Amino acid sequence: SSDMTQPDLLQPQAEMQPELASPGVVNDDRAAVAAAPVIQQSVIDELYEIMEEDFFGLLQTFLEAAPPLVREIEAGVLDADCDAVIMPAHSLKSSSANVGALALSDVARQMEMAARDGDVSRLSALVELIGEQWSAAESALRRLCEHGIN
């Protein structure tokens, strides 16, 4: 299926990380997210080639737009309101993929799916990850804005 972003050979990673042996789904999620890069350099290079200096404007727009989406997702999870999570998770999934923040995009995708399934416990398990991945992506993208591409 098209949801398979990582080949199966990356799966055994999970067994090599016993400290992640928390019960339930988060284990697999963390392994999958760990396999996705915080920032995919090829996406950055391609965007920069196409957009040149406008690229930094795109990054700034994303850096401003993402925090409210993350907060909306977190608030929806806190209220156990799956419907409130779907749209911001969907937006974050697309916008973060556009700037190469693939790990963040992947968590947002998983949260969107869980929200559509009405799976509150899965959302609760994933909400910590979205904060972690947003922080990682934000600092990487801010570095790009400050220091340029190369």
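Attention here is on the structure that accompanies the text. Nothing here was measured: the structure is a model prediction, and the numbers come from that model.

Considering the packing of helix H3 (residues 54-78) against helix H4 (residues 82-98)
The geometry of H3 relative to H4 is characterised by a closest axis approach of 8 Å and an angle of 150° between their N-to-C directions. Considered as vectors, H3 and H4 are oriented roughly antiparallel to each other. Considering only the axes of H3 and H4, their crossing is left-handed. In contact with Phe-62, Ala-66, Leu-69, Val-70, Glu-72, Ile-73, Gly-76 and Val-77 of H3, H4 contributes Ala-84, Val-85, Pro-88, Ala-89, Ser-91, Leu-92, Ser-95 and Ser-96.

So, the packing of aromatic side chains
Taken as a whole and judged by the stated rule, the model has 4 aromatic pairs. For the ring pair Tyr-48 and Phe-55, a centre distance of 5.9 Å and an interplane angle of 80° mean the geometry is edge-to-face. Between Phe-62 and Trp-134, the ring centres sit 6.0 Å apart and the planes meet at 70°, which makes this aromatic pair edge-to-face. On the criterion of sequence distance, the pair formed by Phe-62 in helix H3 and Trp-134 in helix H6 (residues 120-147) is long-range, its members being 72 residues apart. Of the residues examined, Phe-62 reaches a relative accessible area of 5% and is grouped as buried. Feature note: the residues Tyr-48, Phe-55 and Phe-56 constitute an aromatic cluster, connected by ring pairs.

Comments concerning the pattern of salt bridges
Side-chain pairing between opposite charges can occur once the charged atoms of the two side chains come close. Summed over all chains, the structure comprises 4 salt bridges. A salt bridge links Arg-109 to Asp-106; the nearest nitrogen and oxygen atoms lie 2.6 Å apart. Within this pair, Arg-109 and its partner Asp-106 are both found in helix H5 (residues 102-116), separated by 3 residues, close to a single helical turn. Owing to a relative accessible area of 18%, Arg-109 belongs among the buried residues under this scheme. Judged by its relative accessible area of 6%, Asp-106 falls in the buried class.

The rules behind each value
- Residues numbered from 1 in each chain as written.
- Predicted model: local features only at pLDDT ≥ 70, side-chain atom pairs only at ≥ 80, totals over all residues.
- Heavy atoms only, no water.
- Axes fitted to C-alpha atoms, helices over the stretch in contact; angles between N-to-C directions.
- Helix = DSSP H or I, 4+ residues; strand = E, 2+ residues; numbered from the N terminus.
- Parallel < 35°, antiparallel > 145°, perpendicular 65-115°, else oblique.
- Left-handed = near helix turned anticlockwise from the far one by under 90°.
- Contact = heavy atoms within 4.5 Å.
- Phe/Tyr/Trp six-rings, centres within 6.5 Å; stacked < 30°, edge-to-face > 60°.
- Buried < 20%, exposed > 50% of the residue type's maximum accessible area, 1.4 Å probe, protein only.
- Salt bridge = Lys/Arg side-chain N within 4 Å of Asp/Glu carboxyl O.

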